[in-house]
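Analysis of the macromolecular model
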Amino acid sequence: VSAPAPPEVPPDQRWALLCEELARPLAAARADFEALGGAAAAADGPARPVLEAIEEVEAMMAAVLALSFDIAPALQRQPVDLRAECARAVAAYHEQPLARPRVELRLEGDLTGRWNAWACRRVLHDLLAVALSLTDGPLMISAARAGAQVTVEIEVIGVPMSSPAGRALLDELGERPRQLHLWLAARLAEAHGGQLRAAPDAAGWITLTVVLPDPDPRASTPEGG
Amino acid sequence: MVRDHLTPAPVRRVRALIHQVRSPLTAALLRVRAWAAHEGAPRAMRDLEGALVAADTAITRLFPLAGGMVPALVFQPGDLAALVTEAVRAAGVSASLEAGPPLPAAWDAFAVGCIVRNLLSLADARPAHPARLTLQGEGQAAVLTLVGRAASPPLGEARRWLVQQLAAAHGGRATFALEQGRVAAYVFLLGRAASPPGELPAGE
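From a predicted model like this one, the values you see are computed outputs, not experimental measurements.

Rules and cut-offs
- Residues numbered from 1 in each chain as written.
- Chains lettered and ligands numbered in written order.
- Predicted model: local features only at pLDDT ≥ 70, side-chain atom pairs only at ≥ 80, totals over all residues.
- Heavy atoms only, no water.
- Helix = DSSP H or I, 4+ residues; strand = E, 2+ residues; numbered from the N terminus.
- Buried < 20%, exposed > 50% of the residue type's maximum accessible area, 1.4 Å probe, protein only.
- Contact = heavy atoms within 4.5 Å.
- pLDDT = per-residue confidence, 0-100.
- Expected span 1.5 Å × (residues − 1).
- Polar contact = N/O pair within 3.5 Å; in protein donor to acceptor, adjacent residues only side chain to side chain.
- Buried area = accessible area lost by both parts, 1.4 Å probe.
- Salt bridge = Lys/Arg side-chain N within 4 Å of Asp/Glu carboxyl O.

Residues and elements named next belong to chain B. With respect to the helices and strands, T145 occurs in strand β5 (residues 141-149). Overall, the relative accessible area of 13% leaves T145 in the buried class. Residues within four places of T145 in sequence aside, it is in contact with R132, L133, T134, A185 and Y186.

Next up, the structure:
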């Protein structure tokens, strides 16, 4: 079921047209939401999650389409507080009925920067999913700033890098990851000029590390103050 | 050296991405449907439901193209002449449409709308010289023809590509001719047999 595109139409043009076609109904949905008005659509109204869903799809559409065309997404940057995003990812996991391992946070210093908010959420969500797939035991998420970049590490406590799971992870990251979570996290980190890697920590356990350069650290103002 | 067997399968990956993109919309749609079903629900709620369905339809149909797959069309019984008429109206441009008798068969209404919208964008459709669309057909086969003064829309090549992809997914093809400032496009569409009333389509 493959339909190779005529070679004369560059991928970035096909991407741009699909973005246009898919943005049209989303814009109509947003307009219909606004037409609702009243208490339902208010900032704390019951219909608010609908608008948030529309905004989430709008935020991810261009990037995800670009990745599907295998072209680097041009991510819009906005102030992001990775401290809040890490806490949100962990809280979302612990709310799941089948949540098993305990996930601890160790966040140091100022973790604000200018990144793409959706991509940061996605990277944290995907790395957490990868780490959770490797263990039934505890995880430790730590994040710290070092100069003009923030490093987030997820330590899979008790699972050695030398284990079959650790070696499989290294194999995946050494090539082009097949796992969607790993592939997406790696591509989104790269789209920020950063990278994703896996290495053993001091105890030899699997540690997933994502490095996010912050192009202008002093310009960052975290969302919500 | 790149090991091919480790390259992510684009089809599987794109399908997973489609699922990721649809997930928030699906949750929102379920919420809106529950509200819209209430007696006395405002009309705007039903409009919102329709818009969310349209957004989901567009993603489902078109996103596979990003992974080199064919558009995922869904064929439903309908009259192609009515679908084209509605698409021309929705495009909101100056275009005359000559459509013959009804062409009942199973068509993908979204794809027809997308074809007509992108076809019309290739012609200069100002009131002074409206584009002319003609729909002719017999049985399940139809030819949609566009003749008009050529326009230079942004992403023109990509629009022709999209029309070709959608026509091919409809069992047909699209060809374009550009000469002396005039554009002519021929889109052949092959509908599927519409099931007689009360009978389920094959495979269901």
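Bringing the confidence of the model for chain A into the picture now. In the predicted model, chain A carries a mean pLDDT of 88, and the fraction of residues at 70 or more is 92%. When the criterion is pLDDT under 50, residues 1-5 of chain A qualifies, and its contacts beyond four places in sequence or with other chains add up to 13 contacts.

This paragraph deals with helix α4 (residues 109-121) of chain B. Helix length check: α4(B) (13 residues) gives 19 Å between terminal C-alpha atoms against 18 Å at 1.5 Å per residue, within 8%. Where α4(B) begins, one side-chain oxygen reaches toward the backbone nitrogen of F110(B), 3.0 Å away; that side chain belongs to D108(B).

On to the environment of P130(B). Residues and elements named next belong to chain B. Summarising the element assignment, P130 is placed in the loop between α4 and β4 (131-138). Put simply, P130 and V21 are 109 residues apart on the chain and 38 Å apart in space, counted from C-alpha to C-alpha. Excluding its chain neighbours within four sequence positions, the residues that come into contact with P130 are S94 and A95.

Bringing the interface of chain A and chain B into the picture now. Facing 50 residues of chain A, the contacting portion of chain B comprises 49 residues. Here chain A meets chain B over a buried area of about 4,200 Å², counting both sides, of which 71% is carbon and sulfur. If you sort the residues of chain A by the area they bury against chain B, L17(A), E175(A) and R178(A) come out on top, with a joint share of 13%. Viewed at the interface, chain B and chain A are joined by two salt bridges.

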